[in-house]
There are 6 protein chains.
Amino acid sequence: MAQQDGNQGLTHVDEVGAARMVDVSEKRTSARTAIATGIVRTTEEVVGLLRSDELPKGDALATARIAGIMAAKRTPDLVPLCHPIALSGVQVALETGDAEVRITATVRTTDRTGVEMEALTAVTGAGLALHDMIKAVDPAAVLDGVRVERKEGGKTGTWVRDTEEEGQ
Amino acid sequence: MAQQDGNQGLTHVDEVGAARMVDVSEKRTSARTAIATGIVRTTEEVVGLLRSDELPKGDALATARIAGIMAAKRTPDLVPLCHPIALSGVQVALETGDAEVRITATVRTTDRTGVEMEALTAVTGAGLALHDMIKAVDPAAVLDGVRVERKEGGKTGTWVRDTEEEGQ
Amino acid sequence: MAQQDGNQGLTHVDEVGAARMVDVSEKRTSARTAIATGIVRTTEEVVGLLRSDELPKGDALATARIAGIMAAKRTPDLVPLCHPIALSGVQVALETGDAEVRITATVRTTDRTGVEMEALTAVTGAGLALHDMIKAVDPAAVLDGVRVERKEGGKTGTWVRDTEEEGQ
Amino acid sequence: MAQQDGNQGLTHVDEVGAARMVDVSEKRTSARTAIATGIVRTTEEVVGLLRSDELPKGDALATARIAGIMAAKRTPDLVPLCHPIALSGVQVALETGDAEVRITATVRTTDRTGVEMEALTAVTGAGLALHDMIKAVDPAAVLDGVRVERKEGGKTGTWVRDTEEEGQ
Amino acid sequence: MAQQDGNQGLTHVDEVGAARMVDVSEKRTSARTAIATGIVRTTEEVVGLLRSDELPKGDALATARIAGIMAAKRTPDLVPLCHPIALSGVQVALETGDAEVRITATVRTTDRTGVEMEALTAVTGAGLALHDMIKAVDPAAVLDGVRVERKEGGKTGTWVRDTEEEGQ
Amino acid sequence: MAQQDGNQGLTHVDEVGAARMVDVSEKRTSARTAIATGIVRTTEEVVGLLRSDELPKGDALATARIAGIMAAKRTPDLVPLCHPIALSGVQVALETGDAEVRITATVRTTDRTGVEMEALTAVTGAGLALHDMIKAVDPAAVLDGVRVERKEGGKTGTWVRDTEEEGQ
């Protein structure tokens, strides 16, 4: 795994443990990008239904993409200690496999904090929307592996997941 | 896995594929419960920090619990085709393991639809909040296995996950 | 036009003119439906683009449908004196004409107030989303004729727009 | 009509038609203004009630003005692919005619995108609030002609509606 | 002060101290009302400005009334462990004194929990809006005495503040 | 009290009294801080419960801190004429006294407007959350003295409350 700044504690709680929204006013505004992914594991039957829905007016995958984009914008409402920041771009891609749907969210900003939380929130938003649409056919679907793949920009620079460590 | 109603298609899109919020006005108001779980996989170091935070004013785990409860209330804002319903109770439990935190959300309602989406949203809300707080120490943390464990009430009755199928 | 209850003033302001959310606790819970429509007037070129988007992954019309459904759920946040109510179903249909898109929203509830505001809000939500997507090609697009067509249920019963009065 | 940039497709969907929030990180921050208008067509009786409400504590028109201002702030929540941006000023003016209320919204920002969607959303917010307050007296009211009149700032510069084309 | 149910602990945390949204599914739906008050203490000059604003189009007090009503609807978004409930009526009254504005909010529901939090939230919403409007003239304004005056309905029945205890 | 700019009227209403979100596009982006305080007056018994809750997993005070931080982010949704701005840091401190809890909120931004409304909203958010958690034991609790203590930055510079004027 790429080296991270030598932070040894939880920055979101102060010295006595009280939660806070960390002061970033000293941080520089800069272009930042984060990519996060996740997988909805379901059945071949469901993937077949989603694919056959890839016809005119087939809204199932579109609904999940839009849910992901809108969720990214709701990040500061959902994640208590997250800063509200300006997002300059959000993209949510869905790729159907044999019995799963892989979600990739790319979020960009030009602000004082990174956008990995926004990317992760976009992935869970798309994943929840997919789950909602398929739950009548597959109530056992699982949202797995929600994680940051890459982040760029800011003081800590580029971080890329070391994929050899993980099984998935 | 318990049998589900013989629904053969995606109920959230109509016959031509257009997304809709399904009409549930004919459904009966009844007590319903759903339990969902998920796991934040991180490092032993992070779990140590979270545990040592279990001291006076240690807000990290509290922040995640509250994020989960509040996320459950935001479900209709996040999941496009979800009905806005009255929630009569939400509980989010966090259990720290060696290098992970297990999240369990229990949601209750007395309304016309089930609350599995609210329980799943609570799990992802708590998971995202945890990720946010630990990301400076462990940017590689993963939210895994977000899934329904059990749902009770409504026409389809009790559904319990068949745990033998899954590895986790 | 169908007769309305003999209300002679603005019910949303009290006798001295102060705004209020009218007390409906004495009203009976009953099944209610409202249908509202509106038209986005644009160019033939834009309608051609929207139609050619009716291909696999063509999300433009889906985005508008979902925006309409989600807007219906935000009605009490947007309309200051509206009651927050449970919606039991929302459908948003889009029909492309020569140089316009006709929006029809159908909203159902089983609650104490009618849902015409939710249906109108769904129409404007879909109309705004369409406007957003086509504005680079046609900045002059107009959302016209946002109005209730029909409402059913509640004490005042069925109201149907007298279409002979209007030109449109 | 003023010339628009030569965009030939829908910028909000990518080459395969998937919805996205367009990346504007390369755009320059600059002062931008947009003016949008709309008309609530109702009856002389209703306009009389609204005018007589223009007395001490007459909140009806104030409610609509405030609904419009607050709606402008909710634009990114309502319009799925809209960027969340900082608004530096919002004004909503209402002008009563014989049997209609004309709404004019002026929105300003110093950010990376134009604010025509915020201005249009303010107009619909005010229009919906008016509709809500008058619907008991005039359920047939219509929100008409919601459209951008003028936008200034940004790369495309000033755009002014060519009023000779429209009837209104 | 009227006797309260013999609750000896904090009901919103469980036996080990974890926050939860208490399960109210066993509670009966019934008509409930709560009245809360508060006072914005400011200067005679400000009260003069607010009163002179009680002219045609004087929106200052209207803005505060509407802010209070809308805040009541946002209670479950603001108060983490509050149940989302249906509100059947909200009224916010403002009374100007020599150098203060007294706020009274009355909230009604027909649901499973009381509405004192909604009434208190309405008072703070109106108080914050007043503060915002007068802060350029009186940055030292104070919102004082935000408290429940009376609640009716539900199992515990009517509770009325014992006014002799307080000074105010 | 420190001198304020010589504003003689209510800036949030225009010359005819209509509410508006004041245009701040000419204002300079600069670092700004505001500190606000308030007090929840309750009983010794309640303070005892809150303190004994300062044990492992004692979420009561954490819930109030987080409610305050999240409320600060919701300020533009609650205060009708407030500008949506970027917050660069929020801290909410709670101090238990004999029979009260003192709330102090510190909010920072680097934007075009001051953040006193955000600090006041954080105080009321924490106060409402406390009230919610203690209301079963002390329904008579009062939120008192919500006020700005200090603001720094912007054109008007530093303003500090003259504490000799107030009793509290």
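Cut-offs and rules
- Residues numbered from 1 in each chain as written.
- Chains lettered and ligands numbered in written order.
- Predicted model: local features only at pLDDT ≥ 70, side-chain atom pairs only at ≥ 80, totals over all residues.
- Heavy atoms only, no water.
- UniProt positions renumbered as here; feature names shortened; annotations may be inferred.
- Helix = DSSP H or I, 4+ residues; strand = E, 2+ residues; numbered from the N terminus.
- Buried < 20%, exposed > 50% of the residue type's maximum accessible area, 1.4 Å probe, protein only.
- Contact = heavy atoms within 4.5 Å.
- Areas by Shrake-Rupley, 256 points an atom, 1.4 Å probe, with all protein chains shown as cover.
- Buried area = accessible area lost by both parts, 1.4 Å probe.
- Salt bridge = Lys/Arg side-chain N within 4 Å of Asp/Glu carboxyl O.
- Polar contact = N/O pair within 3.5 Å; in protein donor to acceptor, adjacent residues only side chain to side chain.
- Nonpolar A, V, L, I, M, F, W, Y, C, P; charged D, E, K, R; others polar.
- Pairing = 2+ DSSP bridges.
- Least-squares fit on C-alpha atoms with pLDDT ≥ 70 in both.
- Expected span 1.5 Å × (residues − 1).
- Axes fitted to C-alpha atoms, helices over the stretch in contact; angles between N-to-C directions.
- Left-handed = near helix turned anticlockwise from the far one by under 90°.
- pLDDT = per-residue confidence, 0-100.
- Arc of directions from axis to C-beta.

- Under an unreviewed UniProt entry, the name given to chain A is Cyclic pyranopterin monophosphate synthase, and the source organism is Halopolyspora algeriensis.
- UniProt, in its Sequence similarities (unreviewed entry) section for chain A, records the words "Belongs to the MoaC family."
- In its Subunit (unreviewed entry) section, the UniProt record describing chain A reads: "Homohexamer; trimer of dimers."

Overview of the overall build of chain A
Moving on, step 1. Each helix and strand in chain A was counted, giving four helices and five strands.
Moving on, step 2. Counting helices and strands in the order they occur from the N terminus, chain A gives β-α-α-α-β-β-α-β-β.
Moving on, step 3. Per-residue burial for chain A yields a buried fraction of 65% across its 168 residues.
Moving on, step 4. Across chain A, contacts joining residues at least 24 apart in sequence account for 71% of those joining residues at least 6 apart.
Moving on, step 5. Total accessible area on chain A is roughly 5,800 Å²; 46% of this is exposed by carbon and sulfur atoms.

Details of the interface of chain B and chain A
Moving on, step 1. Each partner contributes to the interface: chain B provides 62 residues, whereas chain A provides 61 residues.
Moving on, step 2. Roughly 4,900 Å² is buried in total at the junction of chain B and chain A, and carbon and sulfur atoms are behind 65% of that figure.
Moving on, step 3. When the area that chain B buries against chain A is broken down by residue, the three leading residues are Leu10(B), Leu78(B) and Leu128(B), summing to 13%.
Moving on, step 4. On the surface where chain B and chain A come into contact, there are two salt bridges.
Moving on, step 5. With its nearest N and O atoms 3.6 Å apart, the salt bridge here joins Arg74(A) to Asp77(B).
Moving on, step 6. Across the contact surface, chain B and chain A share twelve residue pairs in polar contact (both at pLDDT 80 or more).
Moving on, step 7. Within the residue set of the side of chain B that touches chain A, elements represented by two or more residues are helix 1 (44–52), helix 2 (60–73), helix 3 (75–78), helix 4 (116–134) and strand 4 (142–152) of chain B.
Moving on, step 8. The dominant element in the side of chain B that touches chain A, judged by the number of residues it contributes, is helix 4 of chain B, at eleven residues.
Moving on, step 9. Of the residues in the side of chain B that touches chain A, the class split is 33 nonpolar, 14 polar and 15 charged.
Moving on, step 10. Relative to strand 4 of chain B, strand 4 (residues 142–152) of chain A runs antiparallel, the two sharing two bridges.

Examining the relation of the copies chain B and chain A
Moving on, step 1. Overlaying chain B with chain A gives an RMSD of 0.0 Å, the required rotation being 180 degrees about an axis along which the chain moves by 0.0 Å. A rotation of that kind, with that shift, is consistent with a two-fold axis. Across chain B, the rotation axis passes nearest the C-alpha of Asp144(B), at a separation of 2.2 Å.
Moving on, step 2. With an isologous cut-off of 70% or more, the 98% of interface residues of chain B that recur at the interface of chain A puts this contact in the isologous class.

Quick notes on the UniProt feature "active site" (unreviewed entry) in chain A
Moving on, step 1. As recorded in UniProt, the sites labelled "active site" (unreviewed entry) are Asp132(A).
Moving on, step 2. Mapping Asp132(A) onto the fold places it in helix 4 (residues 116–134).
Moving on, step 3. Residue Asp132(A) is classed as buried on the basis of its relative accessible area, which comes to 2%.
Moving on, step 4. If near-sequence neighbours (up to four positions away) are discounted, Asp132(A) is found in contact with His12(B), Val79(B), Leu81(B), Cys82(B) and Met117(B).

A few points about the environment of Ala126(C)
Residues and elements named next belong to chain C.
Moving on, step 1. Mapped onto the elements of the fold, Ala126 is located in helix 4 (residues 116–134).
Moving on, step 2. When its relative accessible area of 0% is taken as the criterion, Ala126 is described as buried.
Moving on, step 3. Through-space distance from the C-alpha of Ala126 to that of Ala93 is 9.5 Å; in sequence the pair is 33 residues apart.

Points about helix 4 (residues 116–134) of chain E
Moving on, step 1. The end-to-end C-alpha distance of helix 4 of chain E, which contains 19 residues, comes to 27 Å, matching closely the 27 Å that a straight helix rising 1.5 Å per residue would cover.
Moving on, step 2. When you tally the buried positions in helix 4 of chain E, you get 19 out of 19 residues, the bulk of the element.

Describing the pairing of strand 3 (residues 100–111) of chain B
All names here are of chain B.
Moving on, step 1. Here strand 1 (residues 30–41) pairs with strand 3 via twelve bridges, running antiparallel. If you follow Arg32 over to strand 3, its bridge partner there is Thr109.
Moving on, step 2. Looking at chain direction, strand 2 (residues 87–96) and strand 3 are connected through nine bridges and run antiparallel. Paired with Leu87 across the bridge in strand 3 is Thr109.

Observations regarding the packing of helix 2 (residues 60–73) of chain F against helix 4 (residues 116–134) of chain F
The relative placement of two packed helices comes down to the angle between their axes together with the axis-to-axis distance.
All names here are of chain F.
Moving on, step 1. Two elements in contact, helix 2 and helix 4, have axes separated by 7 Å at closest approach and are oriented at 145 degrees. Of the two elements, helix 2 crosses helix 4, and the hand of that crossing is right-handed. Every residue of helix 4 that contacts helix 2 at Ala60, Leu61, Thr63, Ala64, Ala67, Gly68, Ala71 and Ala72 is listed here: Glu118, Thr121, Ala122, Gly125, Ala126, Ala129, Leu130 and Met133.
Moving on, step 2. For the contact of helix 2 with helix 4, a count of residues per class yields eleven nonpolar, four polar and one charged.

Re the side chain of Asp144(B)
Moving on, step 1. One can find Asp144(B) in strand 4.
Moving on, step 2. Within the structure, Asp144(B) has its side chain in polar contact with the side chain of Arg41(B) (distance 2.8 Å).

Quick word on the confidence of the model for chain A
All names here are of chain A.
Moving on, step 1. Chain-level statistics for chain A give a pLDDT mean of 88 and a share of 89% at 70 or above.
Moving on, step 2. Here helix 1 (residues 44–52) stands out as the least confident element of chain A, with mean pLDDT 88; helix 3 (residues 75–78) is the most confident, with 98.
Moving on, step 3. This stretch, residues 1–7, has a pLDDT under 50; its non-local contacts, to residues over four places away or in other chains, come to 17 contacts.

Describing the environment of Asp138(D)
All names here are of chain D.
Moving on, step 1. Mapped onto the secondary structure, Asp138 falls in the loop between helix 4 (116–134) and strand 4 (142–152).
Moving on, step 2. In this structure the C-alpha to C-alpha distance between Asp138 and Thr42, which are 96 residues apart in sequence, comes to 6.8 Å.
Moving on, step 3. Every residue in contact with Asp138, bar those within four places of it in the chain, is listed here: Arg41, Thr42, Thr43 and Val46.

Thoughts on the pattern of salt bridges
Side-chain pairs of opposite charge can arise where the charged atoms are in close proximity.
Moving on, step 1. Counted under the stated rule, the structure contains 60 salt bridges over all chains.
Moving on, step 2. The partner of Asp59(B) in a salt bridge is Arg65(F), with the nearest N and O atoms 2.7 Å apart. Of this pair, Asp59(B) sits in the loop between helix 1 and helix 2 while Arg65(F) is found in helix 2, placing the two residues in two different chains. Across the pair, Arg65(F) and Asp59(B) agree in class, each one buried.
Moving on, step 3. The closest approach of N and O atoms between Glu152(E) and Arg150(E), which form a salt bridge, is 2.7 Å.
Moving on, step 4. Judged by its relative accessible area of 31%, Arg150(E) is partly exposed.

Here's the deal with the side chain of Thr110(B)
Moving on, step 1. Following the sequence through the fold, Thr110(B) ends up in strand 3.
Moving on, step 2. Residue Thr110(B) is classed as buried on the basis of its relative accessible area, which comes to 19%.
Moving on, step 3. Leave out the neighbours within four places in its chain, and Thr110(B) touches Thr29(B), Ser30(B), Ala31(B), Ala86(B), Ser88(B), Ser25(E) and Arg112(E).

Focus: helix 1 of chain A
Residues and elements named next belong to chain A.
Moving on, step 1. Buried within helix 1 are the following residues: Val46, Val47, Leu49 and Leu50. Summarising the axial view, the buried residues of helix 1 lie within an arc of 160 degrees, below the 170-degree limit, and thus occupy one face.
Moving on, step 2. Buried residues belonging to helix 1 abut helix 2 (60–73), strand 2 (87–96), strand 3 (100–111) and helix 4.

With respect to the environment of Thr75(A)
Residues and elements named next belong to chain A.
Moving on, step 1. Topologically, Thr75 is positioned in helix 3.
Moving on, step 2. Looking at Thr75, the relative accessible area reads 0%, which means it is buried.
Moving on, step 3. If we ignore the near neighbours within four places in the chain, the residues touching Thr75 are Cys82, Met117, Glu118 and Thr121.
Moving on, step 4. Polar side-chain contacts of Thr75 include one of 2.7 Å to the backbone oxygen of Ala72.

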